[in-house]
Amino acid sequence: MPAKRNGQTELLESKPPKATLLDFLPSASTLTVGTNVTPNQPTAKPPLLLIQERDTRYKVHATKKGGFPVTIESRAKGKHVTVVRNVSGDAHALLKDLKESLGAGGIVHENGCQIEVQGEHEPRIVAFLKAKPGLLVGVKAAGIMPPAPQPQPTLRLAPAPTPADPPSP
């Protein structure tokens, strides 16, 4: 901004522009400070899409009878753990997502297909697994898989009246 001193106009040194959120986004190199972002410009993916992409790295398979592979077991000194069995894929990524969702600790067993989460979290883990489409494989309980088709009932027709019967008034 110009300032007047002794009848002369001088330019004051300006401060560097403040950092904005756009400076920290990956697509910030294509944008300049002070421009408006239009919907047509590519921007960084929202965090929700990143979580959905991460979910395809692991799956949880049903038990032999088609139930949820989530149980609660007792440990020493009265401690309880929730066990998720039949995990395929990246069990460490599933454990990380469960720990973030539940706020509890946990471990992956050496075989890599079983996860233990500290505490009794069976209903919350089942809800977490149901909320992610394609995560549960072969589970029949609680409406995950469509029910088996029911046989259609047969229609029985009443016998046609015979001409010998008088019509009823």
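Now for a description of the structure that goes with this document. Because the structure is predicted, anything quoted here is derived from the model rather than measured.

Calculation criteria
Residues numbered from 1 in each chain as written. Predicted model: local features only at pLDDT ≥ 70, side-chain atom pairs only at ≥ 80, totals over all residues. Heavy atoms only, no water. Helix = DSSP H or I, 4+ residues; strand = E, 2+ residues; numbered from the N terminus. Buried < 20%, exposed > 50% of the residue type's maximum accessible area, 1.4 Å probe, protein only. Areas by Shrake-Rupley, 256 points an atom, 1.4 Å probe, with all protein chains shown as cover. Core = buried A, V, L, I, M, F, W, Y, C linked by side-chain atoms within 4.5 Å. Pairing = 2+ DSSP bridges. Axes fitted to C-alpha atoms, helices over the stretch in contact; angles between N-to-C directions. Contact = heavy atoms within 4.5 Å. Polar contact = N/O pair within 3.5 Å; in protein donor to acceptor, adjacent residues only side chain to side chain. Arc of directions from axis to C-beta.

This part covers the overall build of the chain. Each helix and strand counted, the chain has three helices and nine strands in total. Sorting the 169 residues of the chain into buried and exposed places 24% on the buried side. Accessible surface for the chain amounts to roughly 13100 Å². Of this, 59% is attributable to carbon and sulfur atoms.

This next bit is on the nonpolar core. Soluble globular proteins tend to bury their nonpolar side chains together. One finds Leu94, Ile115, Val117, Ile125 and Leu129 to be the most contacted residues of the largest nonpolar core, which totals 24 residues. Elements that contribute at least two residues to this core include exactly β3 (58-61), α2 (91-102), β8 (115-118) and α3 (122-131). With six residues, α2 is the single largest residue contributor to this core.

Looking now at the sheet that holds strand β4 (residues 70-74). Pairing in this open sheet of four strands is antiparallel, and the strands run β4-β5-β8-β7 from one edge to the other. What marks the edges here is a single partner per strand, and that holds for β4 and β7 (106-108). Across the sheet, the mean angle separating the axes of adjacent strands is 25° when strand polarity is ignored. In this sheet, strand β5 (residues 80-84) lies alongside β4 in antiparallel orientation, the contact comprising five bridges. Residue Ser74 lies in a different strand from β5, and its bridge partner there is His80. Across the sheet, α2 touches β7 and β8, and the angle it forms with β8 is around 15°.

This part is about unusual backbone geometry. The phi dihedral of Lys77 falls on the positive side, at around 60°, and the residue is not glycine. By the element assignment, Lys77 lies in the loop between β4 and β5. What makes Lys77 exposed here is its relative accessible area of 82%. In the Ramachandran plot, Asn86 falls in the positive-phi region, its phi being about 60° despite a non-glycine side chain. Summarising the element assignment, Asn86 is placed in the loop between β5 and β6 (87-89).

With respect to the helices, strands and loops of the structure, Ser88 is situated in strand β6. Residues Ser88 and Gln114 lie 26 residues apart in sequence; the distance between their C-alpha atoms is 9.1 Å. Not counting residues within four places of it along the chain, the set of residues in contact with Ser88 comprises Arg57, Tyr58, Lys59 and His61. Side chain to side chain, Ser88 and His61 meet in a polar contact 3.0 Å long.

Looking now at the pairing of β3. Only one face of β3 is covered, namely the one carrying Tyr58 and Val60; the face carrying Lys59 and His61 has none of its residues buried. Here β3 runs beside β6; their pairing, made up of three bridges, is antiparallel. Residue pairing across strands places Lys59 opposite Ser88, the latter belonging to β6. Taken together, the two bridges between β3 and strand β9 (residues 136-137) define a ladder with parallel strand orientation. Its bridge partner being in β9, His61 is matched across the sheet by Val137.

This next bit is on α3. Of the residues making up α3, those classed as buried are Ile125, Val126, Phe128 and Leu129. The buried side chains of α3 occupy one side of the element, clustering within an arc of 160° when seen end-on. Of the exposed residues in α3, those oriented more than 90 degrees away from the buried face are Pro123 and Ala131. On its buried face, α3 is in contact with β3, β4, β5, α2, β8 and β9.

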